Structure formats: C-alpha cells, structure tokens
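Given next are the chains, with one letter for each unit.
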Amino acid sequence: MALLWLKILMTIFTLQGLIKFAVFFLVPYKARRKQLDKSYVGKQSATTKFDIVILFVLVLLTLLLFISERMEYLSFITGLYIGMTLIQVYFHQFNKILPEDKAPEAPYSPIKLMSYGIQAFPKKPWKELLLMALLLGWGLFKLLKDGFHLW
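Only a predicted model underlies this, so the values are computations on that prediction, with no experimental measurement involved.

Of all hydrophobic cores here, the largest spans 8 residues; its members are Phe21, Phe24, Leu86, Tyr90, Phe94, Ile118, Leu129 and Met132. Among the elements of the structure, helix 1 (2-26), helix 4 (73-92) and helix 6 (126-147) are those that each provide at least two residues to this core. If sequence neighbours within four positions are ignored, leucine 86 has contacts with Glu128, Leu131 and Met132.

Before going further, it helps to spend a moment on the environment of alanine 133. Tracing the backbone through its elements, the reader meets alanine 133 in helix 6. Exposure remark for alanine 133: the relative accessible area of 25% places this residue in the partly exposed category. Separated by 132 residues in sequence, alanine 133 and methionine 1 have C-alpha atoms that sit 28 Å apart. Contacts of alanine 133, omitting those with residues within four sequence positions, involve Leu18 and Phe21.

Cut-off values and rules
Residues numbered from 1 in each chain as written. Predicted model: local features only at pLDDT ≥ 70, side-chain atom pairs only at ≥ 80, totals over all residues. Heavy atoms only, no water. Core = buried A, V, L, I, M, F, W, Y, C linked by side-chain atoms within 4.5 Å. Buried < 20%, exposed > 50% of the residue type's maximum accessible area, 1.4 Å probe, protein only. Helix = DSSP H or I, 4+ residues; strand = E, 2+ residues; numbered from the N terminus. Contact = heavy atoms within 4.5 Å.

This is the structure:
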C-alpha cells in the first residue's frame, strides 16, 4: 500500500514540477509580478506556512519510501546529492543586481530578493531548468510506464 501511495504522490508532484516550469515561460512577467507583490505584501517571506507543510510532506514521502521496501541507498543518496547541488547551481545563476524596476521595495529579506530575481529572469538558469525538466519528464514516463503499467 505504501508503494501505491508513493507512486500516486510522486506522479502528482512530478506533474506539478513540470507545470511550474511552464508557468515561468507561459505566464507573462506582469501577471507573475502582480501575484508576487500580493504574496509578499507586508512580509519578508511568502512561504512560511508552505515551508512547514512541505517539510511534513517530504518526511511523509521518505517514510513511504522506507516502508515500501523499495529504497535503494545508492540511488537515494545520489538523487539527494544531485538535487541539492542542482538547486544550489540554479540559485547561483541569479548573481547580478536586480534593476530597480524589478526589485522589491525595501526593506527586503534575502529570500524576498531571490524570489523577485527568479520571477524577473526565469531564463537565467536555463541549463539547470532543462536538466530538471528532463529528469522530471523521465521520472513521469517511468512512473506511468513501469509504476502504473499504462503501456
């Protein structure tokens, strides 16, 4: 049962990850900026509650993986290392000062500035986004083909 729930949840999260990339390139900057301003109004972080919830979800996914008895230590730690390093390199691409018209109003926290930078220039880490999208696409394919035996 743990394996089935893990497959279902990972299919949902993989789709969500791919859709997230599409939003960067299909939703105009003005619309994304408007939502960003709304999310941050009067706050230095727009994700405090989300961060607590997603940390719980990550622990749940890890527990499901352990319970399913399908965890392979080498694949797990390799994926963990790749994911951690890939997101670090992704953030490193935002190394230029934001133009005044793209920056949040002061005062701002580092995460708020990063959020505005990402929304202003989502194509900067195109190599990292491409790799993430390819890995997510492969993962979704494997989930549907091997996990759910859809073809």
